[in-house]
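# Coordinates in review
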Amino acid sequence: MIERIWSGRSPLYLLLLPLSWLYGLISNLIRLSYQSGFRSVWRASLPVVVVGNLTAGGNGKTPVVVWLVERLKQEGIRAGVVSRGYGGKGAKYPLLLDSETTTAQAGDEPVLIFQRTGVPVAVSPIRSDAVKVLQASGKVDVIITDDGLQHYALARDFEIVVVDGQRRFGNGWWLPAGPMRERAGRLKNVNAVIVNGGRAKSGELAMQLQPRAAINLKTREAKPLSELTPAVAMAGIGHPPRFFATLEQQGVRCIKKVAFADHQTLSEAELAALTPHKEVLLMTEKDAVKCHHFAHENWWYVPVDAAFSDGAAASLISQIKTLCA
């Protein structure tokens, strides 16, 4: 239902417009309070690159963060990542992740980024506190913030917005009548716009999410997706249909598709119930980091990589390298 409302296919969004106007008023006042100097903005001593979005729901932001960190590493630039740690409840903040940190403590996306890249990752509801921890370590040259485009209390040197190329901005309205955290005009003020799938417009960077071989949660064995069909598919991400479509494009016949809420806590019992006859269960990497410790042998996850044309990638990395010079 929410997809129909946000896409404009349902007129019910009209009933929610008063709440959207209130949301827009409050968000604009918050932004103006920082821009005018009425509220203070904290600036780091290192360059800060924000990777965020204008809409609620999954746009492919985290794969872009992973790609950016790995590409900068190839250039000899040490990146650190900060996040609010949505869904996690740490005993104290800021929390610097290590190999023992759980998704219950830090949230799923920070744990995914740490496990995939191995770079320093810090989480805190107050992002400046997380940045301070990374600065003090002396081990990073640039800070990448996973989300936080609307967190104006933290000064930034470079802004990247990730857009879902299929859904774009739906009906264009603020939450809850539409998917927008900020209106589309905000794109005029950012440094780069990355479009995930669909067709990129002039000045936008086209990106595709490319799946790797599936990895068994229990044994770490890797197999092509074509060898894991038929399968039950599950996803607890911002936009599960994208994952299901990816599997089908890779030749997987999905006998069941189960969507969970984004960042939802997963239990062994509810996942095991999805495959009563030990069918193959395919999930996203974001889901996998939440259930490695109770995984069954028929559970597999599918890592994805952000892929750009060489020219687009080189241009973006070159701009960020300049900040670090």
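All residue numbers refer to position in the chain's written sequence, counted from 1. Owing to the predicted nature of the model, reporting of local features is limited to residues with pLDDT of at least 70; listing and counting of side-chain atom pairs is limited to 80 or more, with chain, interface and lining totals taken over all residues. Calculation of side-chain values draws on the structure's entire complement of heavy atoms; hydrogens and water are dropped beforehand.

The name given to the protein in an unreviewed UniProt entry is Tetraacyldisaccharide 4'-kinase, with the source organism recorded as [Pantoea] beijingensis. UniProt positions are given in the numbering used here, feature names are shortened, and annotations may be inferred rather than shown by experiment. Under the heading Pathway (unreviewed entry), UniProt records this for the protein: "Glycolipid biosynthesis; lipid IV(A) biosynthesis; lipid IV(A) from (3R)-3-hydroxytetradecanoyl-[acyl-carrier-protein] and UDP-N-acetyl-alpha-D-glucosamine: step 6/6." Checking UniProt for the protein, the heading Catalytic activity (unreviewed entry) contains the comment "a lipid A disaccharide + ATP = a lipid IVA + ADP + H(+)".

Along the polypeptide, Glu-204 turns up in the loop between β7 (192-196) and β8 (205-211). Each residue is assigned to one of three classes by its accessible area relative to the maximum for its type, calculated with a 1.4 Å probe on protein chains only: buried under 20%, partly exposed between the two thresholds, exposed over 50%. The exposure class assigned to Glu-204 is buried, which follows from its relative accessible area of 15%. A distance of 3.0 Å separates the side chain of Glu-204 from the side chain of Arg-168, its partner in a polar contact. Side-chain atoms alone can form a polar contact between residues adjacent in sequence; in general such a contact is a pair of N or O atoms within 3.5 Å, and within protein one must be able to donate a hydrogen while the other accepts it. Polar side-chain contacts of Glu-204 include one of 2.7 Å to the backbone nitrogen of Lys-201. The helix count covers DSSP runs of H or I at least four residues long, the strand count covers runs of E at least two residues long, and both are numbered beginning at the N terminus.

Attention now goes to the domain arrangement of the protein. With domains assigned, the protein is organised as domain 1 (1-208 + 308-324) and domain 2 (213-302). Summarising the inter-unit geometry, the C-alpha centres of domain 1 and domain 2 are found 26 Å apart. Should any heavy atoms of two residues lie within 4.5 Å, those residues are counted as being in contact. Taken together, the contacts link 16 residues of domain 1 with 9 residues of domain 2. Buried area is calculated as the accessible area (1.4 Å probe) missing from two parts once they are joined, with the contributions of both summed. A buried area of about 1,100 Å², summed over both sides, lies between domain 1 and domain 2, and 51% of it is on carbon and sulfur atoms. On the domain 1 side of the contact with domain 2, Thr-103, Asp-108 and Leu-112 bury the most area, a combined 38% of that side's loss. Note that the domain bounds reflect an automated or database-derived domain assignment.

Spatially, β3-β4-β2-β5-β1-β6-β7-β8-β15 is the arrangement adopted by the 9 strands of the open sheet, whose pairing is mixed. Two strands in the sheet have a free side with no partner beyond their single neighbour: β3 (95-96) and β15 (304-308). Across 3 bridges, β7 lies against β8 in parallel orientation. Bridge pairing links Asn-196 to Met-207 in β8. Across the face of the sheet, helix α5 (residues 108-117) comes into contact with β2 (79-83), β4 (121-123), β5 (142-146) and β15 while running at roughly 170° to β4. Strand pairing follows a simple DSSP-based rule, namely that at least 2 bridges must link the two strands. Angles run from 0 to 180 degrees between N-to-C directions of axes, and those axes are lines fitted to C-alpha atoms, restricted for helices to the stretch in contact.

A few words on α5. Of all 10 residues making up α5, 9 are buried, and the element is well covered by its neighbours. Of the positions making up α5, those classed as buried are Asp-108, Glu-109, Pro-110, Val-111, Leu-112, Ile-113, Phe-114, Arg-116 and Thr-117. The positive-phi residue at the C-terminal boundary of α5 is Gly-118, with phi of around 75°.

Now for the layout of surface pockets. With a 1 Å grid laid over protein atoms only, a set of points is called a cavity when a 1.4 Å probe fits there but cannot get out and a pocket when it is open yet has protein on both sides within 12 Å along at least five of seven lines; lining residues have an atom within 4 Å of a point. Grid points are joined across faces, edges and corners, and a volume is the space filled by probe spheres set on the points. In this structure, the second largest pocket encloses a volume near 300 Å³. What lines the second largest pocket is a set of 15 residues, among which Gln-166, Gly-197, Arg-242, Thr-246 and Gln-249 lie closest to the centre. Looking at the lining of the second largest pocket, the elements that each hand over two or more residues are β8 and α7 (240-249). Looking at which element gives the most residues to the lining of the second largest pocket, the answer is α7, with 5 residues. Residue composition of the lining of the second largest pocket, by class: 4 nonpolar, 8 polar and 3 charged. Of the residues that make up the lining of the second largest pocket, three or more belong to each of domain 1 (1-208 + 308-324) and domain 2 (213-302). Classification convention: Asp, Glu, Lys, Arg as charged; Ala, Val, Leu, Ile, Met, Phe, Trp, Tyr, Cys, Pro as nonpolar; all other residues, Gly among them, as polar.

Two elements in contact, helix α3 (residues 61-74) and helix α10 (residues 310-324), have axes whose closest approach is 11 Å; the angle formed by their N-to-C orientations is 70°. One element, α3, and the other, α10, form an angle in the roughly perpendicular class. Facing α3, whose interface residues are Trp-67, Leu-68, Arg-71 and Leu-72, α10 presents Ala-313, Leu-316, Ile-317 and Ile-320. Should an angle fall under 35 degrees it is called roughly parallel, over 145 degrees roughly antiparallel, and 65 to 115 degrees roughly perpendicular, with every other angle called oblique.

Neither face of strand β14 (residues 299-302) is exposed, since Trp-299 and Tyr-301 on one face and Trp-300 and Val-302 on the opposite face are all buried. Note: strand β9 (residues 214-216) against β14, 2 bridges, orientation antiparallel. In the strand pairing of β14, Asn-216 is matched with Trp-300. Direction of pairing for strand β13 (residues 280-284) relative to β14: parallel, over a ladder of 4 bridges. Across the sheet, residue Leu-281 finds its bridge partner in β14, namely Trp-299.

With that settled, consider the side chain of Asn-298. Tracing the backbone through its elements, the reader meets Asn-298 in the loop between α9 (285-288) and β14. Setting aside residues no more than four positions away along its own chain, Asn-298 makes contact with Thr-275, Lys-278, Glu-279, Val-280 and Leu-281.

So, about the UniProt feature "binding site: ATP" (unreviewed entry) in the protein. Annotation from UniProt places "binding site: ATP" (unreviewed entry) at Thr-55, Ala-56, Gly-57, Gly-58, Asn-59, Gly-60, Lys-61 and Thr-62. Here Ala-56 lies in the loop between β1 (48-52) and α3. With a relative accessible area of 17%, Ala-56 lands in the buried category. For Ala-56, the contacting residues outside a window of four places in its chain are Trp-6, Leu-175, Pro-179 and Arg-181. Along the chain, Lys-61 falls in helix α3.

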